[in-house]
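Structural description and commentary
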Amino acid sequence: MLQAVINGVVNGGLLALMTLGLSLIINTSRIPNFAHGGFFTWGAFITYTLITVYQYDMATAVILSVLSITAIGVAVERTIFRFLRGASEETIFVAATGLLIAFTNGALLLWGDWPRTIPNPLSSTLLNVAEGVSVTMFRLIILATVAATVIVVSMFLKYTKQGKAIRAVYQDTTVSRLVGINSDRIILLTFAIGTSLAGLAGSMAGLEFAISFDMGIPITIKAFLLVIVGGTGSLLGTATAALVFGVIDSLTITYLTSIYNNAVVFAAMMLILLIRPQGIFGREVKRS
Amino acid sequence: MSLMVFFPFITPNNYYLHLVVMMMIYSISAAGLNLMMGYLGLLPLSVAAFAGIGAFTSANLMIRYNVPFLIALLAAILLVTVIAVAIAVPLLRTRGIFYVIGTLSSQLIIYELFLNLVEITGGSIGLRGVPKPELFGYSFTSFLELYYFIFLMTAVTHSTVYLIIKSNFGRSLLAIKENEVKAISLGLNPYTHKLFASAISMAICSISGILLAHYLTHVSAENFTLLHSIDVFLMVTMGGAGTFYGPIAGAVIWTVVMETLLSFRGLRELLYGIVLVVLMLVIPKGAMGFSMPNIRKVLKFPQ
């Protein structure tokens with residue numbers, strides 16, 4: 001039981017990073033960034049290449065890969081999404097889907113279709129938490145990183161000038177322009193933060209689990225669902241929802257069914273939407 | 001139209017004939033989805049799931065109980081309508097991207113059921129030996145007969161869609177899409193309209209699944225994945241949502257793009273992704289919404 005909960009919290013933590021980034025992007029720029037999982041996959045593979053080919057140590061590799069993912073994210077926003085600013089949600093969604101397909105298959109071409117693992121001594125060091133319950137050293141590092149990142153991002157949003165500007169655009173793009181906020185720059189900034197979180201999640205996942213070119217697709221779908229279920233207007237809400245999701249998923253696989261586990265979790269989410277259409281932590285938001 | 005009738009006599013080989021048949025089957029799905037996308041502004045990503053329910057129902061009825069094709073078709077459409085309404089009742093309370101995600105998860109759940117209800121769907125192997133379609137005891141077995149049969153079914157479906165679009169009901173949907181509050185003040189009930197539209201739209205999509213199963217005589221869960229739902233959505237967007245000819249044009253464009261990319265082998269999927277992005281940058285409103293001012297407006301650097 002405790003073992004399943006711990007595994008669920010680790011998976012949920014990684015998912016929380018993805019969801020946090022996606023939630024920022026969707027709420028601030030209204031870009032349904034279906035390409036989010038592409039950044040996740042590439043984060044994992046760039047870390048893989050840096051460590052196995054260029055022999056960097058783990059921390060440097062993670063930092064370098066997060067930086068390069070941020071650069072790719074900024075480039076994508078400036079070259080594609082900025083030109084689609086006035087287009088309908090569907091149009092942007094198609095473009096983002098195209099990007100996800102391109103990212104996934106780019107990874108397939110560059111790194112091949114077999115699963116890889118990154119050599120990581122910390123992920124084979126086991127710590128005994130209780131009788132028969134153990135956790136790898138690296139999973140604890142993942143949890144610490146996730147917690148630190150969530151705290152840093154929410155502090156940034158709460159106290160810095162840029163963070164306040166992001167929240168203003170988040171609430172009302174037109175009015176924030178009236179008070180002199182350059183919304184294009186703010187959207188670029190959110191895109192940079194969001195994709196760097198995806199890259200970080202990818203690196204962390206790659207260091208602990210096996211990686212493959214198509215790992216980004218299911219996690220994109222889950223993150224999208226969680227942004228909705230967690231509710232707009234609440235970043236901590238979405239992060240909590242991701243953690244809970246991870247635990248439910250893990251418990252379902254261990255105790256209920258390993259065939260229908262996705263069906264159970266998605267059905268639970270639809271049920272939540274039915275009871276609270278605005279999300280668990282969401283407030284009723286009026287939109288024009 | 002007449003080109004389609006005489007196409008079998010001018011085409012060099014059966015492969016092109018097969019492509020046109022697939023194009024017609026896809027255009028039915030696209031027309032069904034267009035009813036929701038173009039006329040209500042809702043995007044259900046569960047098209048493939050409902051096509052699959054239709055396909056497996058009619059295939060099972062024909063294989064196990066020797067039911068005539070027409071009755072199997074109607075029974076399958078009826079079942080799809082019932083399930084579509086049952087799922088739409090809660091989901092229609094949400095809107096926009098929320099609705100998209102809700103339908104997306106129903107697609108995933110139904111796909112998982114397809115994979116695991118082995119007695120009905122054959123699991124990952126699928127059902128083999130699905131009977132060819134027949135009408136009143138006459139079975140369509142040769143390729144040419146199948147072509148004309150599917151052409152007939154496609155024409156009937158598209159004509160029905162045309163009538164729905166031009167009817168009072170179709171106009172009411174547009175009114176609701178345009179301004180829900182005003183539509184209510186005109187005495188329309190948006191919720192029931194949306195419910196009816198979901199049922200009709202998914203029923204039409206199921207026809208394409210049923211035709212696919214009986215045309216290929218082999219059908220499996222892999223024919224009805226989320227990616228297929230997204231493909232249909234891409235067709236409607238490429239062709240132009242909210243127009244009668246849009247989905248048909250989209251199905252044609254999509255098939256041509258996919259076939260052209262086949263020659264690139266390994267690069268195909270990567271190029272497909274890039275083509276999607278470029279298409280959306282150049283023709284954001286689809287082929288039927290193609291106009292120069294539009295392109296200028298979108299390509300203009302904002303601010």
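Conventions used here
Residues numbered from 1 in each chain as written. Chains lettered and ligands numbered in written order. Predicted model: local features only at pLDDT ≥ 70, side-chain atom pairs only at ≥ 80, totals over all residues. Helix = DSSP H or I, 4+ residues; strand = E, 2+ residues; numbered from the N terminus. Buried ≥ 20, exposed ≤ 12 C-beta atoms within 10 Å, placed from the backbone. Contact = placed C-beta atoms within 7 Å. Rg over C-alpha atoms; globule rule 2.2 N^0.38 Å. Pairing = 2+ DSSP bridges. Nonpolar A, V, L, I, M, F, W, Y, C, P; charged D, E, K, R; others polar. Axes fitted to C-alpha atoms, helices over the stretch in contact; angles between N-to-C directions. Parallel < 35°, antiparallel > 145°, perpendicular 65-115°, else oblique. Left-handed = near helix turned anticlockwise from the far one by under 90°. Core = buried A, V, L, I, M, F, W, Y, C linked by C-beta atoms within 7 Å. pLDDT = per-residue confidence, 0-100. Expected span 1.5 Å × (residues − 1). Bend = angle between axes of the 7 residues up to and from the residue.

**Here's the deal with the overall build of chain B**
In terms of helices and strands, chain B carries 14 helices and 4 strands. The proportion of buried residues among the 303 residues of chain B is 45%. Across chain B, contacts joining residues at least 24 apart in sequence account for 74% of those joining residues at least 6 apart.

**Quick look at the overall build of chain A**
Helix and strand counts for chain A stand at 11 helices and 2 strands. Helices (α) and strands (β) of chain A occur, in sequence order from the N terminus, as α-α-α-α-β-β-α-α-α-α-α-α-α. Radius of gyration (C-alpha) of chain A: 19 Å, near the 19 Å computed for a compact globule of 288 residues. By principal-axis analysis of the C-alpha atoms, chain A measures approximately 60 × 45 × 35 Å. Looking at chain A residue by residue over its 288 residues, the buried ones come to 50%.

**Section: the pairing of strand β2 (residues 133–136) of chain A**
All names here are of chain A. For strand β1 (residues 126–130) and β2, the ladder comprises 4 bridges, and the chain directions are antiparallel. Looking at β2, one finds that Leu126 is bridged to Thr136. Where β1 folds back onto β2 in an antiparallel hairpin, the turn is made up of 2 residues, including Gly132, whose phi is positive at roughly 70°.

**Section: the interface of chain A and chain B**
Residue-level contacts link 37 residues of chain A with 35 residues of chain B. Of all the secondary-structure elements, those providing two or more residues to the side of chain A that touches chain B are α4 (89–111), α9 (216–230) and α11 (261–275) of chain A. For the side of chain A that touches chain B, a count of residues per class yields 25 nonpolar, 7 polar and 5 charged.

**Section: the environment of Asn182 of chain A**
Checked against the element boundaries, Asn182 of chain A lands in the loop between α7 (173–178) and α8 (183–208). Among the residues examined, Asn182 of chain A registers 14 C-beta atoms within 10 Å and is labelled partly exposed.

**Here we look at the packing of α4 of chain A against helix α11 (residues 226–239) of chain B**
Interhelical geometry of α4 of chain A versus α11 of chain B gives an angle of 130° and a closest axis separation of 11 Å. Accordingly, the angle class assigned to the pair α4 of chain A and α11 of chain B is oblique. Handedness of the crossing formed by α4 of chain A with α11 of chain B: left-handed. Residues Glu90, Thr91, Val94 and Thr97 of chain A of α4 of chain A lie in contact with α11 of chain B, whose contacting residues are Ile230, Leu234 and Thr237 of chain B. Its residues assigned to classes, the contact of α4 of chain A with α11 of chain B shows 3 nonpolar, 3 polar and 1 charged.

**Considering the nonpolar core**
With 179 residues, the main nonpolar core has Met18, Ala95 and Ala201 of chain A as its most contacted residues. The residues touching Ala201 of chain A, leaving out its near neighbours within four places in the chain, are Leu14, Leu17, Met18, Phe40 and Gly43 of chain A.

**What about the environment of Thr225 of chain B?**
Residue and element names in this part refer to chain B. Relative to the elements of secondary structure, Thr225 occurs in the loop between β4 (218–219) and α11. In this structure Thr225 comes out as partly exposed when scored by C-beta crowding, with 18 C-beta atoms within 10 Å. Measuring from C-alpha to C-alpha, the distance between Thr225 and Lys194 comes to 25 Å, with 31 residues separating the pair along the chain. What Thr225 contacts, discounting residues up to four positions off in sequence, is Ala48 and Tyr111.

**Considering the environment of Gly230 of chain A**
All names here are of chain A. By secondary structure assignment, the location of Gly230 is in helix α9. The class of Gly230 is buried, set by 28 C-beta atoms lying within 10 Å. Note: C-alpha distance between Gly230 and Thr19 (211 residues apart in sequence) is 9.4 Å.

**Observations regarding unusual backbone geometry**
Residues and elements named next belong to chain B. One non-glycine residue, Asn66, lies in positive phi territory at about 55°. By the element assignment, Asn66 lies in the loop between α3 (47–65) and α4 (69–91). Notably, Thr217 is not glycine yet its phi reads approximately 55°, a positive angle. Mapping Thr217 onto the fold places it in the loop between α10 (190–216) and β4. C-beta crowding within 10 Å serves as the criterion here: with 13 such atoms nearby, Thr217 is assigned to the partly exposed category.

**Here we look at the packing of helix α1 (residues 2–29) of chain A against α9 of chain A**
All names here are of chain A. Between α1 and α9, the least distance of the axes is 9 Å, while the angle of their chain directions is 65°. Between α1 and α9 the crossing geometry is right-handed. Of the residues in α9, those touching α1 at Leu15, Met18, Thr19, Leu22, Ser23 and Ile26 are Ile219, Lys222, Ala223, Phe224, Leu226, Val227 and Gly230. Here the contact of α1 with α9 is composed, by residue class, of 9 nonpolar, 3 polar and 1 charged.

**Things to note about the confidence of the model for chain B**
Residues and elements named next belong to chain B. Mean pLDDT over chain B works out to 83, with 89% of the residues at or above the 70 mark. Predicted confidence is poor over residues 291–295, with pLDDT under 50, and the contacts of this stretch with residues over four places away or in other chains come to 3 contacts. Among the scores for the predicted complex, ipTM is 0.72 and pTM is 0.79.

**Topic: α10 of chain B**
Relative to the 39 Å expected for 27 residues at 1.5 Å per residue, α10 of chain B spans 39 Å between its end C-alpha atoms, a close match to the ideal helical length. With its phi angle positive at about 55°, Thr217 of chain B sits one or two positions after the end of α10 of chain B.

**Side note on helix α2 (residues 14–40) of chain B**
Residue and element names in this part refer to chain B. Compared with an ideal rise of 1.5 Å per residue, which puts 27 residues at 39 Å, α2 spans 39 Å between its outermost C-alpha atoms and is within 8% of the ideal. Roughly 35° is the biggest bend found in α2, and it falls at Asn34. Downstream of α2 by a residue or two, Gly41 has a phi angle that is positive, lying close to 70°.

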